[in-house]
Amino acid sequence: PNLEWNYIYHRNSLFGFLPESVRHIVYCRNAEVLIKNEINIYNFLRWVCVKSEADKETLLFLSSNETRDKIKNKIKVFTQDGLFHNRQLYLNEVRLNRNIINMNFININDKKFSLDVKATSIADSKMIEGHTIDYKITSNLTWDINNLNTSKGVHFIFKIDGNIIYNNIIFDINEILI
């Protein structure tokens, strides 16, 4: 079948188009192309856009080694309006500083969330977990992991309402600077 690529990849404003044309262009933009065999998209991929450093770190951590090698130089943190719906709460940055995990959020609101955190020491595999419901997130959230050995890093997983928001191995910024 002939696919309407000019509509599938339509990037211009729909202002001024007739309503039936707008519906057709939107329909085409939502096209799914099913291909019988796997294709190599990496040669054609220009960028992988994420909205924060935290998203970038999670994407790289969750990717296979092969995928990570192919996309690591193509990931762009895109913070301007337009690409992402930037009015929603999102995690901007995660840092470990002297056994305190600092999480910086953007677009704080009055909503309450269910939070799940898990930190595992890379040095000795000891783990601590936390869970809370109906929690109102502030711009800077901290979690004291004082009982964990952070000398070789900490695997940190953070979920909001059951969705993985962050998953990575983090290192104490004071150890990195030494």
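Predicted model only: the values in this text are computed from it and were never measured.

Turning to the overall build of the chain, a few remarks are in order. Scanning the chain for helices and strands turns up 5 helices and 9 strands. Secondary structure elements in the chain, listed N-terminal to C-terminal, are α-α-β-α-α-β-β-β-β-β-β-β-β-α. In the chain, the proportion of contacts linking residues at least 24 apart, taken out of those at least 6 apart, comes to 56%. Surface summary for the chain: the accessible area is close to 12,600 Å², and the carbon and sulfur share equals 51%.

Attention now moves to the environment of S63. Within the secondary structure layout, S63 lies in the loop between α3 (53-62) and α4 (65-71). With near-sequence residues (within four places) excluded, S63 lies in contact with R68 and I71. Within the structure, S63 has its side chain in polar contact with the backbone oxygen of L59 (distance 2.7 Å).

Before going further, it helps to spend a moment on the environment of S64. Relative to the elements of secondary structure, S64 occurs in the loop between α3 and α4. The class for S64 is partly exposed, based on a relative accessible area of 39%. Among the polar contacts made by the side chain of S64, one reaches the side chain of T67 at a distance of 3.1 Å.

Time to look at unusual backbone geometry. Despite not being glycine, R98 shows a phi value in the positive range, around 50°. Take R98: it is sitting in the loop between β3 (90-97) and β4 (100-106). Although it is not a glycine, N99 adopts a positive phi angle of roughly 65°. The topology assignment puts N99 in the loop between β3 and β4.

This part covers α3. All of the buried residues in α3 are A54, E57, T58 and L60. The buried residues of α3 all sit within an arc of 165° when viewed along its axis, so they share a single face. The inward-facing, buried residues of α3 abut α4, β2 (75-77), β3 and β9 (163-170).

A few words now on the pattern of salt bridges. All chains considered together, the criterion is met by 5 salt bridges. Measuring nitrogen to oxygen at the nearest pair gives 3.4 Å for the salt bridge that ties E57 to R95. Of this pair, E57 sits in helix α3 while R95 sits in strand β3, placing them 38 residues apart in sequence. Exposure remark for E57: the relative accessible area of 16% places this residue in the buried category. Given a relative accessible area of 31%, R95 falls into the partly exposed group. A cluster of three or more residues bridged by salt bridges with shared partners is formed by E57, E93 and R95.

Bridge analysis of β3 against β4 gives 7 bridges, and the strand direction is antiparallel. Residue V94 lies in a different strand from β4, and its bridge partner there is M103. In this structure, the hairpin formed by β3 and β4 is closed by a connection of 2 residues, where R98 is found at a positive phi of approximately 50°.

Relative to the helices and strands, N167 resides in strand β9. In terms of polar contacts, N167 uses its side chain to reach the side chain of H155, at 2.6 Å. Ignoring sequence-local partners within four residues, the contact set of N167 consists of E57, T58, F61, L62, H155, F156 and I157.

Scoring rules and cut-offs
Residues numbered from 1 in each chain as written. Predicted model: local features only at pLDDT ≥ 70, side-chain atom pairs only at ≥ 80, totals over all residues. Heavy atoms only, no water. Helix = DSSP H or I, 4+ residues; strand = E, 2+ residues; numbered from the N terminus. Contact = heavy atoms within 4.5 Å. Areas by Shrake-Rupley, 256 points an atom, 1.4 Å probe, with all protein chains shown as cover. Polar contact = N/O pair within 3.5 Å; in protein donor to acceptor, adjacent residues only side chain to side chain. Buried < 20%, exposed > 50% of the residue type's maximum accessible area, 1.4 Å probe, protein only. Arc of directions from axis to C-beta. Salt bridge = Lys/Arg side-chain N within 4 Å of Asp/Glu carboxyl O. Pairing = 2+ DSSP bridges.

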